[in-house]
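# Structural overview
These are the residues of each chain, in order.
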Amino acid sequence: MKNLVKEAGLEEDFLIESAATSTEEIGNDMYPPAKAKLRQEGIPFTRRAARQIRASDYDRYDLLIGMDRANISNMSRCWNGDPLGKVHKLLEYTGSGQDVSDPWYSGDFDTAYNDISRGCSSLMAFILKDRA
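The structure presented is a predicted model; accordingly, all values stated were derived computationally and were not measured.

Below, the discussion takes up unusual backbone geometry. Although it is not a glycine, Asn80 sits at a positive phi angle of roughly 50°. Position of Asn80 relative to the elements: it lies in the loop between helix H4 (69-78) and strand S2 (87-89). Judged by relative accessible area, which is 72%, Asn80 ranks as exposed.

Let us now look at the packing of aromatic side chains. Summed over all chains, the structure comprises four aromatic pairs. Each ring, one from Tyr31 and one from Trp104, has its centre 5.0 Å from the other, and the planes form 55°; the classification is tilted. You can see Tyr31 sitting in the loop between helix H1 (2-7) and helix H2 (32-41) and its partner Trp104 sitting in helix H5 (residues 103-106), a full 73 residues away along the chain. With relative accessibility at 38%, the residue Tyr31 sits in the partly exposed group. What makes Trp104 partly exposed here is its relative accessible area of 47%. One aromatic cluster is present, formed by Tyr31, Trp104 and Phe109 through successive ring pairs. Over the face of the ring belonging to Tyr58 we find Lys86, whose NZ or CZ atom lies 4.9 Å from the ring centre.

Every α-helix carries 3.6 residues per turn, so stepping three or four residues along brings you back to the same face. For H4, the capping residue at the N-terminal end is Asp68, with a side-chain oxygen 3.1 Å from the backbone nitrogen of Ala70. In the stretch just after H4, Asn80 is the one whose phi turns positive, near 50°.

Here we take up H2. Burial in H2 covers these residues: Ala34, Lys35, Lys37 and Leu38. On an axial view of H2, the arc spanned by its buried residues comes to 160°, and they lie on one face. Looking at H2, the residues exposed on the side facing more than 90 degrees away from the buried face are Pro32, Arg39 and Gln40. Contact partners of the buried residues in H2: helix H6 (109-131). Note on H2: the residue one or two positions beyond its end, Gly42, has a positive phi of about 75°.

Attention now goes to the pattern of salt bridges. Under the definition given, this model contains 10 salt bridges. We note a salt bridge from Arg51 to Glu17, for which the minimum N-O separation is 3.7 Å. Of the two residues, Arg51 is situated in the loop between H2 and helix H3 (57-60) and Glu17 in the loop between H1 and H2; the sequence distance between them amounts to 34 residues. What emerges from the salt-bridge pattern is a single network uniting Glu17, Arg51, Asp57 and Arg60.

Cut-off values and rules
- Counting from 1, residues in each chain are numbered in the order their sequence is written.
- Given that this is a predicted model, residues contribute local features only at a pLDDT of at least 70 and side-chain atom pairs are listed and counted only at 80 or more, while totals for whole chains, interfaces and linings are drawn from all residues.
- Think of the side-chain values as coming from all heavy atoms in the structure, minus any hydrogens and water.
- Strands here are runs of E lasting at least two residues and helices are runs of H or I lasting at least four, both read from the DSSP assignment and numbered beginning at the N terminus.
- The buried label applies to any residue whose accessible area, calculated with a 1.4 Å probe on protein chains only, is under 20% of its type's maximum; exposed applies above 50%, and partly exposed to all values in between.
- In summary, the pairing rule links any two rings of Phe, Tyr or Trp, Trp by its six-membered ring, whose centres are within 6.5 Å, and it sorts them by plane angle into stacked for under 30 degrees, edge-to-face for over 60 and tilted for everything else.
- The criterion is that NZ of a Lys, or CZ of an Arg, lies within 6 Å of the ring centre and within 35 degrees of the ring normal, and then a charge sits over that ring.
- Side-chain atoms alone can form a polar contact between residues adjacent in sequence; in general such a contact is a pair of N or O atoms within 3.5 Å, and within protein one must be able to donate a hydrogen while the other accepts it.
- Throughout, the arc means the angular range of directions from the helix axis out to the C-beta atoms.
- Here, residues are in contact when the closest pair of their heavy atoms is within 4.5 Å.
- Salt bridges are defined by distance alone: a side-chain nitrogen of Lys or Arg within 4 Å of a carboxyl oxygen of Asp or Glu.

By themselves, these are just geometric observations and shouldn't be taken as functional.
Here is the structure:
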């Protein structure tokens with residue numbers, strides 16, 4: 001998503017961050033096979049340390065995007081629901097209610113990349129449509 005925003009010249013208009021909905025990877029950098037897939041696709045990235053979502057995130061962000069049903073459930077639990085309608089599954093923006101394929105379990109980073117790329121492109125189109 002950051003790359004799409006950068007390509008559109010809209011970096012100043014967006015704050016995009018990632019946070020885990022569980023504790024397994026807190027403090028860890030991006031998974032090495034994910035880095036390899038991003039390099040293969042020419043998508044830039046920086047080193048990071050995973051953090052967990054916080055109650056304060058709900059007020060800080062306009063949209064809160066999860067990859068799958070488990071993410072959405074954990075997010076809703078953290079924020080005592082979603083009174084302002086900010087929480088969405090990424091692939092909702094493609095017209096699908098599907099979960100993003102999780103490469104942690106499948107090892108299939110190509111499908112995960114395609115799902116995320118399609119979802120981010122559709123999300124970007126949705127945001128830009130609303131800005132017009």
